[in-house]
Amino acid sequence: MIPSPKRRLLAGLAGGAALTLVLTGCIQSERDSGTDGGDTAAPSDVDSTFVFAASSDPSGLDPAFASDGETFRVSRQIFEGLVGVEPGTADPAPLLAESWEPSEDGTSYTFTLKSDVMFHDGTPFDAEAVCANFDRWYNWTGLTATESLSYYYGSLYGGFAGDDDALYESCTADDETTATINLTRPFSGFIASLSLPAFAMQSPTAMEEYGADEVGGSEEAPEYSEYGEAHPTGTGPFVFESWSPGEEVVLAANPDYWGEQGQVQEIVFRIIDDPTARRQALESGDVDGYDLVAPADTAALEEAGFNVMQRDPFTILYLGFNQTVPELQDIRVRQAIAHAIDREALVTQVLPEGTEVASQFIPDVVNGYNDGVTDYEYDPERAQELLAEAGFEDGLTLQFNYPVNISRPYMPNPEDIFTTLSSQLQEVGITVEPVSDEWTDYLDRMRGTDDHGIHLLGWTGDYNDTDNFVGVFFNGYSNEWGFENEELFSALSEARQLPDPEEAGAAYEEINEQIAQFVPGVPLAHPAPSLAFDPRVTSYPASPVNDEVFNMIELSE
Amino acid sequence: MLRTIGRRLLLLIPTLFGLTVLLFFWVRALPGGPAAALLGERATPEAIERINEAYGFNRPLPEQYITWLGRLLQGDFGNSIETRRPVLEEFANRFPATVELAVMALILAVGIGIPLGYWAARNHGRLLDHLSVTGSLIGITIPVFFLAFMLKWVFAVQLGWLPSTGRQSRGVDATHATNFYVLDGILTGELDAALNAIVHLLLPAIALATIPLAIIVRITRASVLEVVNADYVRTGRAKGVSKQVIRNRFVLRNAMLPVVTTIGLQAGLLISGAVLTETVFAFPGIGAFLADAIFARDFPVLQGFVLFIAVSYALINLLVDISYSFIDPRVRIQ
């Protein structure tokens, strides 16, 4: 008998169902067996592989050529700098350098180095290695000396060999464990800036062998050097194993690490660029943790038993004013807007848990924070008075720019922030004319043109220095702010050159007050980024400046 | 036959040339350039200027175009701005993943769609028919990303039956020779690796297959309905031709022509449809990469990848046209 189509189809369905069962059986059993790290340093009942969901591939493995968070997250495991960060704070602390001594005039620093530290390739870490790294940065040319690669060195150290503004002068290896760095002028942020992963110490031997600076490629886009693609060599607790672009980066514990090795024997950074997909990967057990949890997800994840942690904020979200707009040139209008905004309400209504209300353009852990700064408290009546004094008793219309479809650590949900602020402004008689853009277009409009009014933007700090916040915004005329204020500009450039941190702190406190008086914008909040982890992660070294090294992670199973 | 193929391939050249012009100017018409995307908050006009200078983006557009085309003709597609790797290498690394996903989706869509459509037609007007028509309507209208998230939520998060992301589990001992993971597993005899890769393909493939599946059901159903009532089928029956011969040679073969055209069109669309599905399942194919490239304004990647996709789309259509001549001898004569 010939099987009827109906019978065949039924048979097919049954077969398909059976196949699915077999297949799912496979995946189940494989999950159960887990992946044991293979190393015996951890207790046998703990899975020593830690899987973290990264939002993108690293931009390369050589941190000196990077400026983005996902690259630094990986490089922090492999590399260490002369200066580290006090755990849980933003303050500089000894790391590969045990101590340092600035000269009287602040133009030279003598570092005493940790002895008996080896790079992963066996090269000793010594004063020669320190100088090799500084000289490498200074001598970059061409493509390697542009912002697309060496953003941090170029912007913090005033340029490269041959540039008039170059801050670096020379490095001398006085003996094996003493290195002196000479600068052309004092720079108050020098020590703090050395905690950036971009200035981590890399093995001179490996950099030479694998041509770290050979990033030529075609002119349109630089190519990786062999070093930056497959041979990053540092002194950190983890050693590079493999990188499958778009899939994962794998690191293994460094058996010869000089410090505490910790429980984690293998780190896998799984690349999952969709935020909802990261959450689902955590929920389904595919990953152990992920960063920048959406504010809307934190409560549900906590309820489901996941560990949600907040970093101390090291961010600033502000409402900026473009003073090329005539109405915004009137300080009374700027003050009125500041009084019209209820920051408390903004923080509780739309910003993530742990967010702090801002009174100035730096978070309170930064050196230079002014406790007594002039604050414009929420006072809609005062706002209306000021508007009337400025001649806008019948109302005022302003363009309000905000970005869409983007989430930044300081601005997880620009659309909601915009909605809240515009209704607050509406209440004092300010009509907003909303203009939204996609992220890159938005940045282009803010930084490249003066075609914007009041606008949302912010910053995530790199290291503990007021200049790293305020100096970025107000160090000269810019399209974003559209004002000239010589007094402020020169105060900032003077403070930058104060070698003594205390002196610099006092100068910056004054600058923060000066800014508050001038009201270039309204500092709104310091949003706190959240991380979420599997319940087996019992401790994670959350750091305001993301200085999170996974040898400090504790796992329970 | 060979002449037809040759002519079609030759026609591809002016098409691709036209596409290079369109593409080049289209990606540059996107507001905000790669420098702003690269620098984010750190984008100052001076920094953008220096990057544009270094990458040659500030030169006159026609000059940039000619430089690009000149390199293209020598097989140099440039490097990705984001990842700094050659565009050709990035494509070659990721394309197998997308092809695997598209083939799996196509197998599901065709393997289920044709029998279901046939079945619906044979039960015309009955409950089963109504169900399949309604079902396929839902299949066409449901947004792919919504379906993808729901599938993941049910089968990966709640039930834990299937993996939620990736192409293969860690810890599976797999040799990757061709980067087609399923094929690699079969070729090297590592069947567990192949099976593991298939398991990873299931959810994204189901999500990707729904729209083509629904369309194939509808076309098959309509086409079979039309053919079963044709004169030659009635004549065949009257002559006493066996039921099986009627079904296979009279009905199915004739009904398949529009279905094959649809499959060809859908196969091309699967590759672009993969952009959403791959992003949701963190599946490292060209789709997810292309989506990133759009946000990053990664000009070389956008230009190169779209060209490659266009070529594969054209080749798939060529294959479909060739397959016509096997199904329908009338096409051969023309």
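Looking at an unreviewed UniProt entry, one finds chain B named ABC transporter permease, with Agrococcus sediminis as its source organism. Taken directly from UniProt, the Sequence similarities (unreviewed entry) text for chain B runs: "Belongs to the binding-protein-dependent transport system permease family." The heading Subcellular location (unreviewed entry) in the UniProt record of chain B holds the text "Cell membrane".

The name given to chain A in an unreviewed UniProt entry is ABC transporter substrate-binding protein, with the source organism recorded as Agrococcus sediminis.

Novice: Which residues make up the overall build of chain A, and what values go with them?
Specialist: From N to C terminus, chain A includes 18 helices and 21 strands. Whereas a compact globule of 557 residues would reach a radius of gyration of roughly 24 Å, chain A reaches 26 Å, a difference of no more than 12%. When contacts within chain A are restricted to residue pairs at least 6 apart in sequence, those whose partners lie at least 24 apart make up 70%.

Novice: Can you lay out the overall build of chain B for me, pointing to particular residues and giving the numbers?
Specialist: Scanning chain B from terminus to terminus reveals 14 helices and zero strands. Going residue by residue from the N terminus, the α and β elements of chain B occur as α-α-α-α-α-α-α-α-α-α-α-α-α-α. C-alpha atoms of chain B, sized along the principal axes, occupy 85 × 55 × 40 Å. Across the 334 residues that make up chain B, the buried fraction comes to 44%. Across chain B, every contact between residues at least 6 apart in sequence was considered, and the portion connecting residues at least 24 apart equals 71%.

Novice: Can you explain the sheet that holds strand β10 (residues 266-271) of chain A? Please cite residues and give values.
Specialist: Residue and element names in this part refer to chain A. Here we have seven strands laid out as an open sheet, ordered β8-β9-β10-β1-β11-β19-β12, and mixed in their pairing. Two strands lie at the open edges of the sheet, namely β8 (238-244) and β12 (307-310), each paired on one side alone. The average angle at which neighbouring strand axes cross in this sheet is 20 degrees, direction not considered. Pairing geometry for β8 and strand β9 (residues 248-253), over six bridges, is antiparallel. Within β9, the position partnered with S242 by the bridge is V250.

Novice: Mind laying out the confidence of the model for chain B, listing which residues take part and the relevant values?
Specialist: Residue and element names in this part refer to chain B. Mean pLDDT over chain B stands at 85; residues scoring 70 or higher make up 99%. Per-element confidence in chain B is highest for helix α5 (residues 87-122), whose mean pLDDT is 90, and lowest for helix α14 (residues 329-333), whose mean pLDDT is 65. As a predicted assembly, this complex carries a pTM of 0.83 together with an ipTM value of 0.79.

Novice: I'd like to hear about the UniProt feature "domain: ABC transmembrane type-1" (unreviewed entry) in chain B, residue by residue, with values.
Specialist: Following the UniProt record, the feature "domain: ABC transmembrane type-1" (unreviewed entry) maps to residues 95-324 of chain B here. Along residues 95-324 of chain B the backbone is 82% helical and 0% strand, and the end-to-end C-alpha distance reaches 27 Å.

Novice: Kindly report on the interface of chain A and chain B, identifying the contributing residues and their values.
Specialist: Taken together, the 49 residues of chain A in the interface contact 62 residues of chain B. No other element matches helix α1 (residues 5-33) of chain A, which puts seven residues into the side of chain A that touches chain B. Taken together, the residues of the side of chain A that touches chain B sort by class into 19 nonpolar, 15 polar and 15 charged.

Novice: Provide a residue-level description of helix α9 (residues 191-228) of chain B, including the pertinent values.
Specialist: Residue and element names in this part refer to chain B. Its 38 residues give α9 an end-to-end C-alpha distance of only 43 Å, which falls more than 12% under 56 Å, the value for a rise of 1.5 Å per residue. Within α9, the axis deviates most sharply at A209, by approximately 45 degrees, and proline P212 lies no more than four positions further along. With 30 of its 38 residues buried, α9 lies for the most part within the structure.

Novice: Describe the domain arrangement of chain B, with residues and values.
Specialist: Many descriptions give the size of an interface as the accessible area lost when the pieces come together. Residues and elements named next belong to chain B. One can read the domain layout of chain B as domain 1 (31-76) and domain 2 (88-331). Look at where the C-alpha atoms of domain 1 and domain 2 centre, and you get two points 38 Å apart. Listed as interface residues are four residues of domain 1 and, on the opposing side, five residues of domain 2. For the side of domain 1 that touches domain 2, the class distribution of residues is two nonpolar, two polar and no charged.

Novice: Give me the lowdown on the sheet that holds strand β7 (residues 178-183) of chain A, citing residues and values where you can.
Specialist: Backbone-to-backbone hydrogen bonds pair the strands of a sheet. The strands run either parallel or antiparallel. Residue and element names in this part refer to chain A. Taken in spatial order, the four strands make up an open sheet running β4-β5-β7-β6, and their pairing is antiparallel. Strand pairing shows two members of the sheet lacking a second neighbour, β4 (97-102) and β6 (168-175), which therefore form its edges. Along the sheet, successive strands turn relative to each other by an average axial angle of 20 degrees, direction set aside. Strand contacts of helix α3 (residues 127-138): β5 (108-113), β6 and β7, with the helix running at about 170 degrees to β6, the strand carrying the most contacts.

Novice: Give a detailed account of unusual backbone geometry, specifying residues and quantitative values.
Specialist: Positive phi values are uncommon outside glycine, yet V519(A) reaches one of about 45 degrees. Checked against the element boundaries, V519(A) lands in the loop between α18 (501-518) and β18 (521-526). Residue classification places V519(A) among the partly exposed positions, given that 19 C-beta atoms sit within 10 Å. You will see that N179(B), though not glycine, has its phi angle at about 70 degrees, which is positive. Inspection of the secondary structure assignment puts N179(B) in the loop between α7 (144-158) and α8 (181-188). With 16 C-beta atoms counted inside 10 Å, the residue N179(B) sits in the partly exposed group.

Novice: Describe the nonpolar core, and please don't skip the residues or the numbers.
Specialist: V130(A), L101(B), A105(B), A205(B) and I216(B) are the most contacted members of the largest nonpolar core, which has 236 residues in total. Ranked by the residues each element gives to this core, the list is headed by α9(B), at 21 residues. If near-sequence neighbours (up to four positions away) are discounted, V130(A) is found in contact with L82(A), F111(A), L113(A), C171(A), A179(A) and M201(A).

Novice: Residue-level account of α7(B), with values.
Specialist: Its 15 residues give α7(B) an end-to-end C-alpha distance of 20 Å, which sits within 8% of 21 Å, the value for a rise of 1.5 Å per residue. For α7(B), the principal kink sits at K152(B) and spans about 30 degrees. Looking at α7(B), one finds that the buried residues are L147(B), A148(B), L151(B), K152(B) and A156(B). On the buried face of α7(B), the contacting elements are α8 (275-283) of chain A together with α9 and α11 (243-280) of chain B. At the exit of α7(B) stands G160(B), carrying a positive phi of roughly 70 degrees.

Novice: Before we move on, can you summarise the packing of α5(B) against helix α6 (residues 127-141) of chain B with the specific residues and values?
Specialist: Residues and elements named next belong to chain B. Viewed as axis vectors pointing N to C, α5 and α6 meet at an angle of 135 degrees, and their least axial separation amounts to 8 Å. Considering the angle they form, α5 stands oblique to α6. With respect to the hand of their crossing, α5 and α6 are arranged in left-handed fashion. For the pair formed by α5 and α6, the contact residues are L116, W119 and A120 on the first element and L128, D129, S132 and V133 on the second. Tallied by class, the residues present in the contact of α5 with α6 amount to five nonpolar, one polar and one charged.

Procedures and definitions
- Residues numbered from 1 in each chain as written.
- Chains lettered and ligands numbered in written order.
- Predicted model: local features only at pLDDT ≥ 70, side-chain atom pairs only at ≥ 80, totals over all residues.
- UniProt positions renumbered as here; feature names shortened; annotations may be inferred.
- Helix = DSSP H or I, 4+ residues; strand = E, 2+ residues; numbered from the N terminus.
- Rg over C-alpha atoms; globule rule 2.2 N^0.38 Å.
- Contact = placed C-beta atoms within 7 Å.
- Buried ≥ 20, exposed ≤ 12 C-beta atoms within 10 Å, placed from the backbone.
- Pairing = 2+ DSSP bridges.
- Axes fitted to C-alpha atoms, helices over the stretch in contact; angles between N-to-C directions.
- pLDDT = per-residue confidence, 0-100.
- Nonpolar A, V, L, I, M, F, W, Y, C, P; charged D, E, K, R; others polar.
- Expected span 1.5 Å × (residues − 1).
- Bend = angle between axes of the 7 residues up to and from the residue.
- Domains from an automatic or database assignment.
- Core = buried A, V, L, I, M, F, W, Y, C linked by C-beta atoms within 7 Å.
- Parallel < 35°, antiparallel > 145°, perpendicular 65-115°, else oblique.
- Left-handed = near helix turned anticlockwise from the far one by under 90°.

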